[in-house]
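Below are the chains, spelled out letter by letter.
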Amino acid sequence: MLRRVRQSLRQVLFLMARRPGLLCGTIVLGVLLLLAVKFTCSRAKDVVAAARPPVRFFSAEAPVVDLYLGQLDQVERLRSVAEVSLIFFYAPWCAHSMAARQEVQQVARNLAKQVQFVAVNCWWNHGKCRKQNRFYQYPIIHLFYRRFGPIEYKGPFVAPYVESFILRVITPLTYLPSRATLEEFLSCHEPRVVGFFQFNSSPQPPGYITYLSSALQALKRDFRGVVRFGVVTNKQVAEAISLKEDETVYLYRRFNSSLIFPRSERNFTSEAICSWVFEHHETVLQWLQPPGTKSRLLEHELTKGPALLLFLPHNPLMSKPSPILQQVADIAVRYHSCHNNNHSSLDKSFPSHSLCCQSLLLPESSTSVCEVCLSLSRSSPTSSSVRCSFSSSARGGDLALESYLTHCCLHQLPAVSVKTATSAGCSNVLNGYSPFGQYSACCRKVEPQLNESQAKEEPDLQRAPLTPPPSSIPPSSAPQQGADGITGLRCQTNRTLRFYVLDVALNWPLAVRLGATGNRSASLHQDAGARGDGSFATIVNLKDEVNYVLHRSPAATLTESLEAFIRNFSAPYSLLQRHLVGEEDGRGGEGETGQHSPPRLLITELTTSSFLPAVMDLQKDVLLFYYTQWCGFCSVLNHVIIQLARLLQGNGTITVARVNVARNDLPWEFMVDHVPSILLFPKYRKHSSVKFPDDLPITLPNLLHFILQHSDSVQYADKPAPGSSEADGPGPGTVLRAEFLALQREVQALRHARERLSQQLAQLWRDNRRLTFDALSLEAQNTGLQRERRSLEEQHREKSRQLEEAVRRLEELADTSESLLNENTLLRVLLMALKDRTDVKEQVEVERKETEQKRSHMAS
C-alpha cells in the first residue's frame, strides 16, 4: 500500500515538474481544503444547544417576588424595605423545590402583609445567585429579621411548620405584663428565659437589642423554638422571680437552681447569652425531626441510652400544647422530679445550695440504685456560673468514681431479706482535687414489686406480669415512689429513660418499622398501637437491640398506660415482651385445622408469629433449619433438606421446618450465631433441644442418624396413657408398652425409609449407567472432532504458506514493475532528447542545403 502511494506521489511530482500551472492549482486546492476543515471544527464546538431562558417558577397570583433570572442584587433592595423577609432559593428542576412551592405559596397568602416573600432561581448559570453561592441541596429558606440574618430554616417543608417558624421569628420575645402571665409562661415544660428591662429612661435599653438577638440566635440553633424567651418591664413583676437589677437575664429551671446570666464573667452578647442558655437549660421532652435523608440523628440520640419515642399528632400553629402533649409532658416532668423527695430521705448531709444530682448507671444485673450528687461548698463560685452537668465520671466512665462506689458504698449495704425492701448507705468523696466540691453517693437495694393498685391494673395494661404475686411479698415492701408511682422514678432505677416526641404524620414510616400497625391515614383516626387519639409509644434500647411497644387497654387512659409502661421497663427484672418483626404468616405450613385445611407440605415455613406454636408442639419432634436468602451455603443444602423431608413424609411425629432469620425476629433464646444451623426440638423435651454438630458435614445419612439419636418418641411416666386413671398412676407395664410401641413405630419408619432409599438407589444406578453410555458416546465424538481439528490445522498451515509465497511473489513483481517504470521513464526522456537533436540536425542540414543553393545560384 505504501509503495503504491509512493508511486502515485512520484507521478504527481513528475507531472508538476513538466506543468507548473498544475502545481499552482494544487496549492490553491490545499488552502481551500484547510479553510473548510477549520470552519467545520469551529462549528463542532457548539453542538450542545444553549439552555432555554428560565421562566417564572411561582404563579403570577402568588404574593411571592420570583427572581427567576437569579437577580441577587434585587434581594438586598427588597430586604431593606421589609422588616421580615423570607428568601426561597430553588432550582427549577428539583422535585423538592416543586413540592415546597405549594407550601410556600400557602404560607405567603397567610402572611403576605407581615413578611416579604422572595424566590430566587439559584440554578440559572448567568445569574448572580449561581455565581456567588454554592448550595449543595435545594430548596433553602433564609429568614431575615431587620438586619439580623440569615436564619436558615432546617425543618420540614410543610406549610404549618414553615408558618410557625416565621411567626416565631416575627415575635421572638413574649411580653409578660403581669405576674399571672409570668406564672403561666414558666409553667410550661419547655425551657424558659426571662429578661428584665426597664423602658423608663430610654425607648430601648442598651441590652434589650442584645437580648432580642439572643432569642433569634436560639432560633438559628433550633427551628422549633423550644427555648422561649420572655421580657418583663415591670419591677413588681420581676420581683416575683427575685429579679431586682435592670438588664438581667434569668434562666428558669425546675429540678436545679435557676440561674442568672453572669455578666461579670461573660460578655453580654447575643452569642454568649444563647450559648449560656443552651449549656444550662433542662430538657425533659425533646422533639426529634429526622430529615428524611441519610442522617445519624436517631443514632446519635439512641446511643445515649434507652429512649421512649412518642409519636403524637402535632399542629405547630396551635398557641398552646395539645392535651395529649400536655399529658406526656406532665409525665416526663414527674419522672424527672426526684431531687426534693429522694435526697432528703437518703442523705441528710446533702446541702440545700448548689446541688446537682444524677443517677449512676450500674450493671443491669445489679438491684442497687446509686444517686451521685455534686455538692459545692459555700466558698465555691456562685451557682450561676457553675455548669450543672456531669462529665463522664458521673456516667460510669471514671474508673476511680466507679471503684469508689463499688468498694466504699455498695459493700456497706446490709443483706436484704425478702421482707426488707429498701436499705440505704451513703458516703462522700472529693471531686477530684478540687477543695470546693465533693461527690455524695447514696445507694440502696430495691426489690422489684408493685403496690396493690398497680398490681390490679398491670395485667390489663401490660400483658406480662413483672413480679411474683402479692402474696409472696407484702405490698409495703415496694420501693418508695411518689403517690402516683412515677414521680422521681428517674433517680430510683438504673434504666434511665429519655423522652422524645415525633410528629406521627411526618414520621409514620418510622413508627411502622418500630411496631405501629395500620396505614398513614389510620394513624390519625384509629388504633395505631395505642388508641383512637393517633398516638404510638415505644421504648428503644439500642444497647440491648430491643424495643417494646405500648399496647393500651381500652379502659385505661394515656397517662395510666404510659406510667405503667415506664414502671414495667424500669423494674430491675422487667418481663416486657420484646417486639418482634416478621413476615406475614400464611406461606407454607400445615394451615389451620378444619374441614377445608390445605394439604400438608414437605417443609413448614415458619414466621415470627407461627414460630413458637410450631416449635413448642409437645406431640412432635421438630427439626428446624435456620437460613437466609443471601446465604449461599443455605441454598446448597436445600436439596438435602428436601430429600430428608421426603423420607420422613410418612411419619406424623417428625416435622421438618425452616425459618428465614433475616426477615423474622425470634426470641433471644432461639437465635443462632451463624447460618446455616440445624436444631432438633424433641417432643415432651423441648427444653433439651440439640444442635447439629458443626464439625459434621450436613448430609442425608448424618441428618438421619442425628434425628434417630436425639428424637424422643417415648412417652414419659408423668404423662398418663389413654384410658388410665390419674389416681392409679402409670405402672412399669404401661411404660414398657409405650416404649415397645414407640420402637415399633420407629422400626416401621425405618423400613419405609429403607424402601425409599432402595428405590432412589436403583434410580441413581440407572441414571449412572445411562450417564456412562452418554459419556462413552461423547468421548468417541470428541476423538473424531480432535482428528478433524488436526486436519484443519494442517490445511490452515498449508494455506498460510501458500499465501506467504504469493505475497512474496507479488512484492517481487511490484519491485520489478517499479524498476521497469523507472527505466521506461528514462527511455522516454532519452528518446525525446534524441528526437530534439535529430530535429536540430535536420534543420541545420536544410539550412546548409539552402545556403549552398543560394551560393550556386549566385555563382551562376
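On a predicted model such as this, the values are computed, not experimentally measured, just so you know.

Caption draft 1: The arrangement of the overall build of the protein chain in detail. When its secondary structure is counted, the protein chain shows 22 helices and 24 strands. Considering only contacts within the protein chain whose residues lie at least 6 apart along the sequence, 71% involve residues at least 24 apart.

Caption draft 2: The pattern of salt bridges, seen in detail. One pass over the full model with this rule turns up 23 salt bridges. For R801, the salt bridge identified is with E798, shortest N-O distance 2.2 Å. With R801 and E798 both in helix α22 (residues 732-859) and three residues apart, the pair spans about one turn of that helix. We classify R801 as partly exposed; its relative accessible area is 48%. Judged by its relative accessible area of 34%, E798 falls in the partly exposed class. With its nearest N and O atoms 2.6 Å apart, the salt bridge here joins E852 to R848. Placement of the pair is E852 and R848 together in helix α22, with a separation of four residues, close to one helical turn. Its relative accessible area of 38% is what places R848 among the partly exposed residues. Through salt bridges with shared partners, a single network forms among E805, R808, R809 and E812.

Caption draft 3: Geometry of the state of the cysteines. Tallied over the full model, the rule gives one disulfide. The disulfide bridge from C122 ends at C129, spanning 1.9 Å between sulfur atoms. Between C122 and C129 the sulfur-sulfur dihedral comes to about -85°; the bridge is accordingly left-handed. With respect to class, C122 is no different from C129; both count as buried.

Caption draft 4: Structural view of the sheet that holds strand β18 (residues 536-541). Here five strands make up an open sheet; going across it, the order is β11-β17-β12-β18-β19 and the pairing mixed. At either end of the open sheet lies a strand with only one pairing partner, and these are β11 (286-287) and β19 (546-549). Lying on the sheet, helix α12 (residues 323-336) is in contact with β11, β12 (307-312) and β17 (498-503); it crosses β17 at an angle near 165°.

Caption draft 5: Molecular detail of a nonpolar patch on the surface. The grouping of I27, L29, V31, L32 and L35 at the surface amounts to a nonpolar patch, some 510 Å² of accessible area in total. Residue position: L29 is located in helix α2 (residues 20-44).

Caption draft 6: Representation of the packing of helix α4 (residues 95-111) against helix α6 (residues 159-170) within the structure. As a packed pair, α4 and α6 sit with axes 9 Å apart at the nearest point and diverge in direction by 45°. Between α4 and α6, the interaxial angle falls into the category oblique. Between α4 and α6 the crossing geometry is right-handed. Contact residues: α4 offers E103, Q106, V107, N110 and L111, while α6 offers A159, V162, E163, I166 and L167.

Basis of the calculations
- Residues numbered from 1 in each chain as written.
- Predicted model: local features only at pLDDT ≥ 70, side-chain atom pairs only at ≥ 80, totals over all residues.
- Heavy atoms only, no water.
- Helix = DSSP H or I, 4+ residues; strand = E, 2+ residues; numbered from the N terminus.
- Contact = heavy atoms within 4.5 Å.
- Salt bridge = Lys/Arg side-chain N within 4 Å of Asp/Glu carboxyl O.
- Buried < 20%, exposed > 50% of the residue type's maximum accessible area, 1.4 Å probe, protein only.
- Disulfide = S-S within 2.5 Å.
- Pairing = 2+ DSSP bridges.
- Axes fitted to C-alpha atoms, helices over the stretch in contact; angles between N-to-C directions.
- Patch = residues over 30% accessible without salt bridge, like charges linked within 9 Å, V, L, I, M, F, W, Y side chains within 5 Å.
- Areas by Shrake-Rupley, 256 points an atom, 1.4 Å probe, with all protein chains shown as cover.
- Parallel < 35°, antiparallel > 145°, perpendicular 65-115°, else oblique.
- Left-handed = near helix turned anticlockwise from the far one by under 90°.

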